[in-house]
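The primary structure of each chain is shown beneath.
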Protein chains: 2
Amino acid sequence: MKEIKKITVASPGTVANVVCGFDILGFALHEPADILTLTLTDQKGVTIINHDTYNLPTEPEKNCSGAALLALLKAVPENVGFIVESTKHIKPGSGIGSSAASAAGVVVAANYLLDNRFTNDELVNFATYGEQVASGSRHADNIAPCIFGGVTLIRSNSPLDIIPIPAPPMFVTVVHPQIEVKTSDARQILKTQVLLKDAVRQWGNVAGLIAGFMKHDYELISRSLEDYIVEPIRSILIPAFAEIKTKSMEQGALGGGISGSGPSVFMLSKDEETARKIDNAISEIYSKIGLNFHTYVTTINSEGVKIIEE
Amino acid sequence: MKEIKKITVASPGTVANVVCGFDILGFALHEPADILTLTLTDQKGVTIINHDTYNLPTEPEKNCSGAALLALLKAVPENVGFIVESTKHIKPGSGIGSSAASAAGVVVAANYLLDNRFTNDELVNFATYGEQVASGSRHADNIAPCIFGGVTLIRSNSPLDIIPIPAPPMFVTVVHPQIEVKTSDARQILKTQVLLKDAVRQWGNVAGLIAGFMKHDYELISRSLEDYIVEPIRSILIPAFAEIKTKSMEQGALGGGISGSGPSVFMLSKDEETARKIDNAISEIYSKIGLNFHTYVTTINSEGVKIIEE
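Here the structure is a predicted model, which means the values were calculated and not measured.

Quick notes on the packing of aromatic side chains
Residue and element names in this part refer to chain A.
Link 1 in the chain: Applying the stated criterion across every chain yields a total of six aromatic pairs over all chains.
Link 2 in the chain: Measuring from centroid to centroid gives 5.9 Å for Y286 and F293, while their planes differ by 50 degrees, and the two rings are tilted.
Link 3 in the chain: Of the residues examined, Y286 reaches a relative accessible area of 0% and is grouped as buried.

Below is the structure:
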């Protein structure tokens, strides 16, 4: 096997299910990010090497990066393959798109090594095969912001319709309580039916949020960050969720909620000082309870997956 | 009673419930429009004079214009009143905001006569008392675009939160089949519960539509003009709805649906030629059935209520 060329990328964490935008809205973070080195070889197939302690599977079919690359390789006529060296900083199961970062990072890297022959939409499609390995469904709501950067709308999953949404600069406080929330459990507790009047309030807020982002109207963004459908149910899985939200709003948060299907919680702010005050307030709550947790104060990442070494 | 000054306005028809934007999105039309002359007098109270054949009530409490003006007068300390002369061109019950035009037109006119002391939000609030007379509920989804012009989002009804949405130029074909659809019936047949998965598709489309308007992306607007919740149910009340929609799309419509709670149907197009072809196609369908109807080919009205004589 001959190594042809290699590239290293940083693949960022992402927040999906942005409050009222359940299943349709996500955004990329600057931190945390996984570091992925991809080597193009002259032999079909994928080899996975993990440089971290998460014990993720190395059989490519059972690995998020591997499954995504296998899907991509089906669209490549040449006799080539990849070696993936993965150093994950986004803890699996944290709710900030760990599996998406693995899957999205390698397909973007692969595309560079293959002279950018695929569109972003095609890359999202390949990467969703990685999500299937992780959660059983080919959802794109973390993959899309990871690849496109910024805030992305998934108008439709089938056919896939991704729309980048311009948004003003925002700071993000993320707290990851060290508990496990299974995506399958988080989905199962949702009701299959909702009240039409709640759905109308929700899509009023979704419309307000998109308009707020595009008008750079922080007040409108803040008013629109309400979720009448999912948060009232899922928040019971997150320790001290109500208190976190109340204290964050008191510190000046624009709003926030559960990241993905949890357990991480995110809060948006206009400035770094507010984001840090929110970090302190949440840290105090979890310290009191005696719960282990990790926090990030970061910004929305408008680039998505980024090359850091060629 | 002394007449102090007078003004004449054109108050336009409006389309509410814009496809996926049930209860939250509306826009103003250039045609048809009611002509309303308002005279400021030195005597509290409202006098209604109708110059048309619709036999609308002249007791101000039972008249849309009257009820809206009585609400406004409660916020006016001076001893003044109004005479309303109304020439309606928007047929009551057509589904293109006839009652809203009456209520919105007079409060905008009154505000001019009172040296513009009220904000647009306050005017919308007064005018919703006119809607209450017409339909029993103080909804703002026709009032808001009539007063603000263009496309408006009602993010929330309580508290009222109206957001003007910038949109590209569009032509509108409106057809009004001469049948009666009672708003109360149109509301009663809706289910109180909807499937979460349908609600998610709907708010994905709402988000896409807002983004499409603000990006001036006609393709995205077109893809987003889908309604999984209301149209499948309400369209049974509209003669030949499915055929109208199919033929309109064949002629190049961006999309469209039921205007308000019907019976009027509207279709959006990029250019006048397409809008006229759609008019012809729909006219042919209703002529074949032998149904009386009226059509308009017009554009989105970015001004709303307009002064035509001072």
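Overview of the pattern of salt bridges
Link 1 in the chain: Using the criterion set out here, one finds 26 salt bridges over all chains in the structure.
Link 2 in the chain: Note that D34(A) is salt-bridged to K88(A), the shortest N-O span being 2.3 Å. With a gap of 54 residues between them, D34(A) in strand β2 (residues 21-41) and K88(A) in the loop between β4 (81-87) and α2 (98-113) connect regions that are remote in the sequence. For the pair shown, D34(A) and K88(A) are each scored as buried.
Link 3 in the chain: For K197(B), the salt bridge is made with D198(B), and the minimal N-O distance between the two is 3.8 Å.

Focus on the side chain of T274(A)
Residues and elements named next belong to chain A.
Link 1 in the chain: Looking at the element boundaries, T274 is found in helix α10 (residues 272-289).
Link 2 in the chain: A relative accessible area of 10% places T274 in the buried class.
Link 3 in the chain: Among the polar contacts listed, one links the side chain of T274 to the side chain of D271, at a separation of 2.7 Å.
Link 4 in the chain: Beyond its immediate stretch of four places on either side in the chain, T274 contacts Q251, G252, A253 and S269.

Some points on the sheet that holds strand β10 (residues 265-269) of chain B
Residue and element names in this part refer to chain B.
Link 1 in the chain: Strands sit in the order β9-β10-β7-β11 across an open sheet of four strands; the sheet is antiparallel. One side of each edge strand has no neighbouring strand; the edge strands of this open sheet are β9 (255-258) and β11 (293-299). If you compare each strand with its neighbour and ignore which way they point, the axes differ by 15 degrees on average.
Link 2 in the chain: Inspection of the sheet shows β9 paired to β10 by four bridges, in the antiparallel sense. Note that in β10 the partner of I258 across the bridge is V265.

Examining the domain arrangement of chain A
Residue and element names in this part refer to chain A.
Link 1 in the chain: Each assigned domain of chain A is listed here: domain 1 (3-165 + 301-309) and domain 2 (171-299).
Link 2 in the chain: Placing the centre of domain 1 and that of domain 2 at their C-alpha centroids yields a distance of 24 Å.
Link 3 in the chain: When domain 1 packs against domain 2, close to 2,200 Å² is buried across both sides, 67% of that on carbon and sulfur atoms.
Link 4 in the chain: Broken down residue by residue, the surface that domain 1 buries against domain 2 is led by V19, C20 and F22, which jointly contribute 29%.
Link 5 in the chain: Linking domain 1 with domain 2 are one salt bridge, by the criterion used here.
Link 6 in the chain: Here R187 ties to D23 by a salt bridge, and the two come within 2.9 Å at their closest N and O atoms.
Link 7 in the chain: Where domain 1 meets domain 2, there are eleven residue pairs in polar contact (both at pLDDT 80 or more).
Link 8 in the chain: Of all the elements in the fold, those that place two or more residues in the side of domain 1 that touches domain 2 are β1 (3-18) and β2.
Link 9 in the chain: Top element by residues in the side of domain 1 that touches domain 2 is β2. It accounts for eleven residues.

What counts, and at which threshold
Residues numbered from 1 in each chain as written. Chains lettered and ligands numbered in written order. Predicted model: local features only at pLDDT ≥ 70, side-chain atom pairs only at ≥ 80, totals over all residues. Heavy atoms only, no water. Phe/Tyr/Trp six-rings, centres within 6.5 Å; stacked < 30°, edge-to-face > 60°. Buried < 20%, exposed > 50% of the residue type's maximum accessible area, 1.4 Å probe, protein only. Salt bridge = Lys/Arg side-chain N within 4 Å of Asp/Glu carboxyl O. Helix = DSSP H or I, 4+ residues; strand = E, 2+ residues; numbered from the N terminus. Polar contact = N/O pair within 3.5 Å; in protein donor to acceptor, adjacent residues only side chain to side chain. Contact = heavy atoms within 4.5 Å. Pairing = 2+ DSSP bridges. Axes fitted to C-alpha atoms, helices over the stretch in contact; angles between N-to-C directions. Domains from an automatic or database assignment. Buried area = accessible area lost by both parts, 1.4 Å probe.

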